[in-house]
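Single-letter residue listing:
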Amino acid sequence: MNLGLIGNCSYNALIDDKGSVVWLCWPRFDSSSVFCSLLDDEKGGSFDIKPAEKMQGNKPWNSKQEYIQNTNVLRTEYSSKPAKFEIIDFAPRYNQFDRSYKPTSLIRIVRPLEGQPVINVRCNPTYDYGITKPAISTGSNHIRFEGLPAQLRLTTNAPLTYITEETPFVLAKTLYFALTWGQPLEASLKQTCEMFLEKTVSYWRRWVKRCTLPKLFQEEVIRSALVLKLHQFEDTGAIIAATTTSLPESAGSVRNWDYRYCWLRDAFFTLSAFRYLGQFEELEMFADYIRNIASLSTPERLQPVYGIDLNSKLTQIELRHLKGYKGHQPVRIGNQAYTHIQNDIYGEVILAVAPLFLDPRFVADEDILSVKLIENMLTHIENKIYEKDAGLWE
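About the criteria used
- Residues numbered from 1 in each chain as written.
- Predicted model: local features only at pLDDT ≥ 70, side-chain atom pairs only at ≥ 80, totals over all residues.
- Heavy atoms only, no water.
- Axes fitted to C-alpha atoms, helices over the stretch in contact; angles between N-to-C directions.
- Helix = DSSP H or I, 4+ residues; strand = E, 2+ residues; numbered from the N terminus.
- Parallel < 35°, antiparallel > 145°, perpendicular 65-115°, else oblique.
- Left-handed = near helix turned anticlockwise from the far one by under 90°.
- Contact = heavy atoms within 4.5 Å.
- Core = buried A, V, L, I, M, F, W, Y, C linked by side-chain atoms within 4.5 Å.
- Buried < 20%, exposed > 50% of the residue type's maximum accessible area, 1.4 Å probe, protein only.
- Pairing = 2+ DSSP bridges.
- Phe/Tyr/Trp six-rings, centres within 6.5 Å; stacked < 30°, edge-to-face > 60°.
- 1 Å grid on protein atoms, 1.4 Å probe; cavity = no way out; pocket = protein on both sides within 12 Å on 5 of 7 lines; lining within 4 Å.
- Points joined across faces, edges and corners; volume = space filled by probe spheres on them.
- Nonpolar A, V, L, I, M, F, W, Y, C, P; charged D, E, K, R; others polar.
- Patch = residues over 30% accessible without salt bridge, like charges linked within 9 Å, V, L, I, M, F, W, Y side chains within 5 Å.
- Areas by Shrake-Rupley, 256 points an atom, 1.4 Å probe, with all protein chains shown as cover.
- Salt bridge = Lys/Arg side-chain N within 4 Å of Asp/Glu carboxyl O.
- Expected span 1.5 Å × (residues − 1).
- Arc of directions from axis to C-beta.
- Lys, Arg positive; Asp, Glu negative; His and termini not counted.
- Charge placed at Lys NZ, Arg CZ, Asp CG, Glu CD.

Visitor: Explain the packing of helix α4 (residues 264-277) against helix α6 (residues 345-353) here, please?
Guide: How two helices pack is summed up by the angle between their axes together with the distance between the axes. Their axes nearest at 9 Å, the elements α4 and α6 cross at an angle of 30°. In terms of orientation, α4 lies roughly parallel with respect to α6. Like other packed secondary-structure pairs, α4 and α6 cross with a definite hand, here left-handed. Of the residues in α6, those in contact with L264, R265, F268 and L271 of α4 are I345, E348, V349, L351 and A352.

Structure (structure tokens):
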């Protein structure tokens, strides 16, 4: 699959090389999907911006996808003689008032580059994983999708009639699409989108500049680091194992699991990578998450996986109404792994937070992590060192 990942440490979205948003869950990683054509191209919903080939004399279109260098801003370019256009996709994120500004919004900027390309725009959101179909109404410059848990609105300078009726039209100027959840965009569309783009690009490039890189494969390390960064839920510090659910490990294996949760072991490996990169903010946020997990867990044991909101019960259910990725079923949400006994996680939790105590760059701070937590982990290890479990490789 050819998919680009964008996000802002609050939510992630996947966009294919044909200009379609095929996966997006709002308002956070583990919420219901708004677009999930990745799992069902009929019921899942998607947000498509594509060339209307029949209006171009059936000339073939070529597309390529890349990131704006050292950022999580995605660029998809379409070309077909004599027309060319690009789509810039990103989730706004930057620092404002000493805090991270990361609204639940998706920005799509469509620019004509050559000729007069003819495009189709289709925005077809759903909720409850494809069950709920919102009612559609229009304002002067926006489309409202009503009947969802929060207000979903698409604000744009494109003709609303062409979007709602899925009519091909000429891309004669730069178009801006701001899809928002909850708080709608009530400011200048063009000015806000361009400002979001500039500040988001600057944020990611400053973050990359703080990375310590090896001598070899620097571009690959940067891209991997940016992807890992998108998998931390900044609100709580949890680190998810993956953006998606129900992608099969192999064809017909039925090992289609929901990975939008925080496996303590996986988080350790992610934090180790950040440490090699010289990025420690992620470790401090995760340490706060672990402190809360430890304080709320039963005295008997830690689970291998928790929800990003500290939820300890991740009941697994199957969504039989969805076809699944390329027909591979079942589609699952939740993960029964929370019931597993995997005692190696105690050591990995200690290793994950150890730099806060052993690295001289950190000044001891009881507000970040208490020594009591480490003592509790050691006590667990002492009590369970001989207990049979489903360990590292189950």
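Visitor: What's the story with the nonpolar core in this structure? I'm lost.
Guide: Soluble globular proteins tend to pack their nonpolar side chains together in the buried interior. In terms of nonpolar packing, the biggest core is built from 70 residues, with F90, I109, W207, L264, F286, Y289 and L302 touching the most fellow members. No other element matches the nine residues that helix α2 (residues 189-209) contributes to this core. What L264 contacts, discounting residues up to four positions off in sequence, is F286, Y289, I290, L302, Q303, P304, Y306, I345 and V349. Counting 38 residues, the second largest nonpolar core, distinct from the first, contains A83, V110, V121 and I143.

Visitor: Please explain the sheet that holds strand β17 (residues 175-181) as it appears in this structure.
Guide: In any sheet, the strands associate via hydrogen bonds between backbone groups, in a parallel or an antiparallel arrangement. Read across the sheet, eight strands follow the order β6-β7-β8-β11-β17-β15-β14-β13 without closing on themselves; strand pairing throughout is antiparallel. Strands with a single pairing partner mark the edges of an open sheet, and in this sheet they are β6 (62-67) and β13 (135-138). Direction aside, neighbouring strands of the sheet carry axes that sit 15° apart on average. Alignment of strand β14 (residues 142-146) against strand β15 (residues 152-156), held across four bridges, turns out to be antiparallel. By the bridge assignment for β15, F145 is matched with L152.

Visitor: Explanation requested: the packing of aromatic side chains in the structure shown.
Guide: Within the structure shown, the criterion is met by 19 aromatic pairs. Judged by centre distance (6.0 Å) and plane angle (45°), the ring pair of Y101 and F196 falls under tilted. Here Y101 is found in strand β10 (residues 99-101), whereas its partner F196 is found in helix α2, with 95 residues between them in sequence. With centroids separated by 4.9 Å and ring planes inclined at 75°, the aromatic side chains of Y203 and W204 adopt a geometry described as edge-to-face.

Visitor: Before we go on, may I ask you to explain the layout of surface pockets in this structure?
Guide: The gaps of empty space that remain are located by a probe, the size of a water molecule, rolled over the atoms. Of the voids in this model, the second largest pocket is the one considered here, and its volume is about 390 Å³. Lining the second largest pocket are 24 residues, and of these D16, V22, S37, L38 and D41 lie nearest its centre. Sorting the residues of the lining of the second largest pocket by element identifies β3 (20-25), β5 (46-51) and β12 (118-124) as the ones contributing at least two each. Taken together, the residues of the lining of the second largest pocket break down into six nonpolar, seven polar and 11 charged.

Visitor: What's the story with a nonpolar patch on the surface in this structure? I'm lost.
Guide: Residues F357, L358 and V371 make up a contiguous nonpolar surface patch of roughly 300 Å² in combined accessible area. Tracing the sequence through the fold places V371 in helix α8 (residues 371-384). The class of V371 is partly exposed, set by a relative accessible area of 38%.

Visitor: How should I be thinking about α8 in this particular structure?
Guide: For the α-helix, the turn length of 3.6 residues means that residues three or four positions removed from each other point alike. A rise of 1.5 Å per residue sets the reference length of α8, with its 14 residues, at 20 Å; its end C-alpha atoms lie 20 Å apart and thus fit the reference within 8%. Of the positions making up α8, those classed as buried are L373, I374, M377, H380 and K384. Viewed along the axis of α8, the buried residues span an arc of 120°, placing them on a single side of the element. Exposed residues lying more than 90 degrees from the buried face of α8 are K372, E382 and N383.

Visitor: So what exactly am I meant to see when it comes to the pairing of strand β2 (residues 12-16) here?
Guide: Consecutive side chains of a regular strand alternate in pointing toward one face of the sheet and then the other. Here β2 lies mainly inside the structure; five of its five residues are buried. Alternating residues of β2 divide into N12, L14 and D16 and A13 and I15, and every residue in both groups is buried. Connecting strand β1 (residues 3-7) to the antiparallel partner β2 that follows it, the hairpin turn spans four residues, and C9 within it adopts a positive phi of roughly 70°. The pairing of β2 with β3 spans three bridges and is classified as antiparallel. Its bridge partner being in β3, A13 is matched across the sheet by L24. What sits between the antiparallel neighbours β2 and β3 is a turn of three residues, in which G19 has the positive phi angle 85°.

Visitor: Would you mind showing me how to read α4 here?
Guide: Along its 14 residues, α4 runs 20 Å from first to last C-alpha, staying within 8% of the 20 Å computed at 1.5 Å per residue. Along α4, the residues classified as buried are L264, R265, A267, F268, T270, L271, F274 and L277. G278 lies just past α4 and shows a positive phi near 80°.

Visitor: Honestly, a positive patch on the surface in this entry has me stumped. Any pointers?
Guide: A cluster of like positive charges, contributed by R205, R206, K209 and R210, occupies part of the molecular surface. The residue R210 is located in the loop between α2 and α3 (218-229) in this model. The class for R210 is partly exposed, based on a relative accessible area of 46%.

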